[in-house]
Amino acid sequence: MRLYNGGLIITGIVVFLALATFPFYYNIGKANAKPDIKLEPAIKMSEERYGKKQCVEPKEWIRREHMVLLNHWRDAVVRDENRGYLSTDTGTRFNMSLQNECMQCHSSKKNFCDQCHNYMAVKPFCWDCHIAPTEKEEARS
Amino acid sequence: MKVLVSFFAVLVLALVAYAGVEAANLQYLFGVIIPYAAFVTFLAGVVFRILKWGSSPVPFRIPTTCGQQKTLPWIKSSKLENPSGLLGVIARMALEVLFFRSLFRNLRTQLSDGPRLAYGEAKWLWLAGLAFHWSFLIILLRHLRFFMEKVPLPITMIEALDSFLQLGAPLLYMTDVVLLLAVTYLFIRRVGIPQLRYISLINDYFPLFLILGIAVTGVLMRYFFKVDVVGAKMLAMSLISLKPALPEVQIGALFYTHLFLLSVLFAYFPFSKLTHMAGVFLSPTRNMANNSRAKRHVNPWNYPVHVHTYQEYEDDFREKMKGAGLPVEKE
Ligand code: HEM
């Protein structure tokens, strides 16, 4: 096989391969950090309240759908003035509130929400207005 | 018919992946083996294609031009429409790839009674094509967040801009809407215009449905039937660090469907019209400078013909020519 304008063709191929495999070499040597969420305070709270290691809804569901739940809570409170939410799982009544419910159990934003969100590079803008719980000293170490 | 075959082909592919994961637990097959195989096919296929194109000689200068060629210094030449050097070619190619300038000039031709020929503007194809390609690119760039440990600023900026309407949670991406609308328009156009439908093949409908399928599964799993996105990223990171491992959490069958349709797209890419991604850079009507009056281009496959010039002829027969009274150039 004879190449015409071989220099340009090879350059093009190199550029294509470099772009297409970019993620493969970009991550070489970077520690493969995984989200490291701390659940102890939340588990204690939930066990005190309804004797079960359980979030508002089952874990599988809350992991995937928590933003939808929060959106629903927000609309219910702000639009319909409805602050009561019954868990479909445990039947417990929850106060539909980001600061006064989620963050009561998950008392550290840094060790919980941020762990996943930083990993996924999502930055919920909720905290522009809502106040995150103050991070305790022990949580930081 | 061709539409239905393509549609059901994509549907069956999607169902195979969905059922394979849901019923047969083939996560490793659809999450690791097939994506790797598809990606290697994609790379090798595109390189093979480029090499094949590169080995075809293009003996003539055949750029399509629509401006004054470079000639005498006092005649204004059109550097972009009629490039005379590499720089002009690169500039024209870049604008073509980024903004589809030649498609912008697309006209509609109509023969009406009379007989009268009429030309009109036809910008919708350009608009939808551009909207489709740009949103596809932005979605692809946004997806880099699945493939990077620390997502760099440009990617997060694209993401922030794309979601700046701040609708709902998770936030609505504008490009998702634009992509779906544009692909739908491109499909409707293909089946709606009779002439276009006549020349359309399965190879035209299949990629359309495939891309639509990828976009629809993506949109479904972001906004409607959620998957475990953290798990998806763990799988993606393990794939690109060449240590494939399924995450402990269940990601969701929809994710594997998305990934499988994408693998099909990647594997199909080099062998279909989609290679225009590489081909556009190798189209001789666009990648050549129009310099045939300034430079001599020799056909590379010219056979070395033995020529016998007039001078040699005269040398051979000079005496005889003189004898016959014929004029000769050299005495
Ligand atoms: C040609 C390439 C691809 C296209 C066109 C595409 C298209 C889409 C679209 C339109 C969405 C909707 C949400 C969004 O725009 O972010 C989406 C979501 C998603 N895609 Fe893709 N995708 C592609 C490749 C991939 C790959 C390689 C992966 C493997 C990790 C992947 C995993 C996902 C996941 C996990 C979601 C859900 C994201 C979320 O919920 O935020 N996609 N995709």
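Residues numbered from 1 in each chain as written. Chains lettered and ligands numbered in written order. Predicted model: local features only at pLDDT ≥ 70, side-chain atom pairs only at ≥ 80, totals over all residues. Heavy atoms only, no water.

Student: Can you break down helix H6 (residues 153–162) of chain B residue by residue, with the values?
Tutor: For an α-helix, 3.6 residues make a turn, and residues three or four places apart therefore share a direction. Residue and element names in this part refer to chain B. Residues of H6 that are buried include every one of Ile-155, Thr-156, Glu-159 and Asp-162, and no others. Looking straight down H6, one finds that the buried residues subtend no more than 125° of arc, so they occupy a single side. Across H6 from its buried face, at more than 90 degrees, point the exposed residues Leu-153, Pro-154 and Leu-161. Here the buried face of H6 lies against helix H5 (124–142) and helix H7 (174–192). (Buried < 20%, exposed > 50% of the residue type's maximum accessible area, 1.4 Å probe, protein only. Helix = DSSP H or I, 4+ residues; strand = E, 2+ residues; numbered from the N terminus. Arc of directions from axis to C-beta. Contact = heavy atoms within 4.5 Å.)

Student: Mind laying out the side chain of Thr-92 of chain A, listing which residues take part and the relevant values?
Tutor: Take Thr-92 of chain A: it is sitting in the loop between strand E1 (84–86) and strand E2 (93–95). Residue Thr-92 of chain A is classed as buried on the basis of its relative accessible area of 16%.

Student: Break down the nonpolar core for me, citing the residues and quoting the values.
Tutor: Phe-42 and Phe-255 of chain B are the most contacted members of the largest nonpolar core, which has 52 residues in total. Elements that contribute at least two residues to this core include exactly helix H1 (6–20) of chain A together with helix H1 (2–22), helix H2 (27–54), H5, H7, helix H9 (202–224), helix H10 (229–240) and helix H11 (253–268) of chain B. Top element by residues in this core is H11 of chain B. It accounts for 10 residues. Contact partners of Phe-255 of chain B, with chain neighbours within four places excluded, come to Met-221, Val-227, Ala-232 and Leu-235 of chain B. (Core = buried A, V, L, I, M, F, W, Y, C linked by side-chain atoms within 4.5 Å.)

Student: Requested: an account of the coordination of the iron atom of the ligand, with residues and values cited.
Tutor: For a metal bound by four donors in tetrahedral geometry, the ideal donor-metal-donor angle is 109.5 degrees, whereas six donors in octahedral geometry ideally sit at 90 or 180 degrees. Residues and elements named next belong to chain B. At this site the iron atom of the ligand is bound by His-143 (NE2) and His-258 (NE2), with donor distances of 2.0 Å. Around the iron atom of the ligand sit 6 donor atoms; with metal-centred angles ranging over 85 to 178°, the donor geometry is octahedral. Taken as a pair, His-143 in the loop between H5 and H6 and His-258 in helix H11 lie far apart in primary sequence, 115 residues in all. Overall, His-143 belongs to the partly exposed group, its relative accessible area being 27%. (Donors = N, O, S within 2.8 Å, 3.2 Å for Na, K, Ca; no water. Tetrahedral: all angles 85-135°; square planar, octahedral: opposite > 155°, others 65-115°.)

Student: Describe in detail the pairing of strand E1 (residues 107–112) of chain B, supporting the description with residues and values.
Tutor: All names here are of chain B. Pairing geometry for E1 and strand E2 (residues 116–121), over 6 bridges, is antiparallel. Bridging from a neighbouring strand, Gln-110 pairs with Ala-118 of E2. In this antiparallel pair of consecutive strands, E1 and E2, the connection spans 3 residues, and Gly-114 shows a positive phi of 145°. (Pairing = 2+ DSSP bridges.)

Student: Before we move on, could you go through the pattern of salt bridges and cite the residues and values that matter?
Tutor: In this structure the tally under the stated criterion is 19 salt bridges over all chains. Salt-bridge contacts for Arg-64 of chain A lead to Glu-60 of chain A; the nearest nitrogen and oxygen are separated by 3.7 Å. Within this pair, Arg-64 of chain A and its partner Glu-60 of chain A are both found in helix H4 (residues 59–80), separated by 4 residues, close to a single helical turn. For Glu-60 of chain A, a relative accessible area of 42% puts it in the partly exposed group. Taken together, the salt bridges that share partners define one network made up of Glu-81, Arg-101 and Arg-105 of chain B. (Salt bridge = Lys/Arg side-chain N within 4 Å of Asp/Glu carboxyl O.)

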